[in-house]
Amino acid sequence: ALGGAAVVSPVGAATELVKDGTNGFHAVNEQQWHSVLNRLVRDPALRRQIGVNARQTIERGYSLQVWGPRFAKLIEDIVSSGKHIPARIWMSECV
C-alpha cells in the first residue's frame, strides 16, 4: 500500500496479492532472493513501476473505498434479516 516493491515467498495470500514480475516478485530460495533484490537495487525505474503497480493492486481490490460499501451492505442485510448470524459466517461473506 505504500508503493514499495515487494519480494515475497510465494505461499498463502502472498500468491494472490503479489503477481510475480507485475506488482512484486516471488523468491523461493536464497539465490532468487539475492537476484531479485539486487535487480531492484540496481534498477530504480523497475522499483518505481513495481511499486506503482503494487499500490494500484491494493487500491483497486482492498481499499476502504472498495471494502467500505461491501461491509456496510453486509451489515444492512444482516440487520434487515432479523436473524442472528454467527460472526464466522458473515465475515466469510465479505470475501
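No experiment lies behind these values; they were computed from the predicted model shown.

Cut-offs applied
Residues numbered from 1 in each chain as written. Predicted model: local features only at pLDDT ≥ 70, side-chain atom pairs only at ≥ 80, totals over all residues. Heavy atoms only, no water. Helix = DSSP H or I, 4+ residues; strand = E, 2+ residues; numbered from the N terminus. Contact = heavy atoms within 4.5 Å. Areas by Shrake-Rupley, 256 points an atom, 1.4 Å probe, with all protein chains shown as cover. Axes fitted to C-alpha atoms, helices over the stretch in contact; angles between N-to-C directions. Parallel < 35°, antiparallel > 145°, perpendicular 65-115°, else oblique. Nonpolar A, V, L, I, M, F, W, Y, C, P; charged D, E, K, R; others polar. Salt bridge = Lys/Arg side-chain N within 4 Å of Asp/Glu carboxyl O. Buried < 20%, exposed > 50% of the residue type's maximum accessible area, 1.4 Å probe, protein only. Phe/Tyr/Trp six-rings, centres within 6.5 Å; stacked < 30°, edge-to-face > 60°. Lys NZ or Arg CZ within 6 Å of the ring centre and 35° of its normal. Expected span 1.5 Å × (residues − 1). Polar contact = N/O pair within 3.5 Å; in protein donor to acceptor, adjacent residues only side chain to side chain.

**Q** What is the right way to read the overall build of the protein from this model?
**A** Within the protein, the regular secondary structure consists of five helices and two strands. Counting only contacts in the protein whose residues sit at least 6 apart along the sequence, the fraction spanning at least 24 positions is 44%. Accessible area of the protein: about 6900 Å², with a carbon and sulfur share of 58%.

**Q** Just checking my understanding: could you explain the packing of helix α3 (residues 44-62) against helix α4 (residues 64-81) for this structure?
**A** The packing of two helices is summarised by the inter-axis angle and the distance between the axes. Orientation of α3 relative to α4, taken along the N-to-C sense of each, is 15 degrees, at an axis distance of 5 Å. Comparing their axes, α4 and α3 come out roughly parallel. Each of E59, R60, G61 and Y62 in α3 lies in contact with α4, whose residues at this interface are L64, V66 and W67. For the contact of α3 with α4, the residue count by class is four nonpolar, one polar and two charged.

**Q** What am I meant to see in the pattern of salt bridges here?
**A** Note that side chains of opposite charge can pair when their charged atoms are close. This model, assessed by the stated rule, comprises two salt bridges. E59 is the partner of R55 in a salt bridge, and the nearest nitrogen-oxygen pair spans 2.9 Å. Here R55 pairs with E59, and both are found in helix α3, just four residues apart, close to one helical turn. Since its relative accessible area comes to 40%, E59 is described here as partly exposed. The closest approach of N and O atoms between K73 and D77, which form a salt bridge, is 2.9 Å. In this pair, K73 and D77 both sit in helix α4, four residues apart, roughly one turn of the helix. Overall, D77 belongs to the partly exposed group, its relative accessible area being 37%.

**Q** Would you mind showing me how to read the packing of aromatic side chains here?
**A** A ring pair, where both rings are aromatic, is described by two values, the distance of the centres and the angle of the planes. Taken as a whole and assessed by the stated rule, the structure comprises zero aromatic pairs. When the ring centre of W67 is taken as origin, the NZ or CZ atom of R70, which lies over that ring, is 4.7 Å away.

**Q** Please clarify how helix α2 (residues 30-42) should be interpreted in this entry.
**A** Residue pairs three or four apart in sequence face the same way in an α-helix, which turns once every 3.6 residues. With 13 residues, α2 extends 18 Å between its outermost C-alpha atoms, agreeing within 8% with the 18 Å of an ideal straight helix rising 1.5 Å per residue. For α2, the capping residue at the N-terminal end is N29, with a side-chain oxygen 3.1 Å from the backbone nitrogen of Q31.

**Q** Looking at this structure, how should I read the side chain of S63?
**A** In this structure, S63 sits in the loop between α3 and α4. Judged by relative accessible area, S63 falls into the buried class, the value being 11%.

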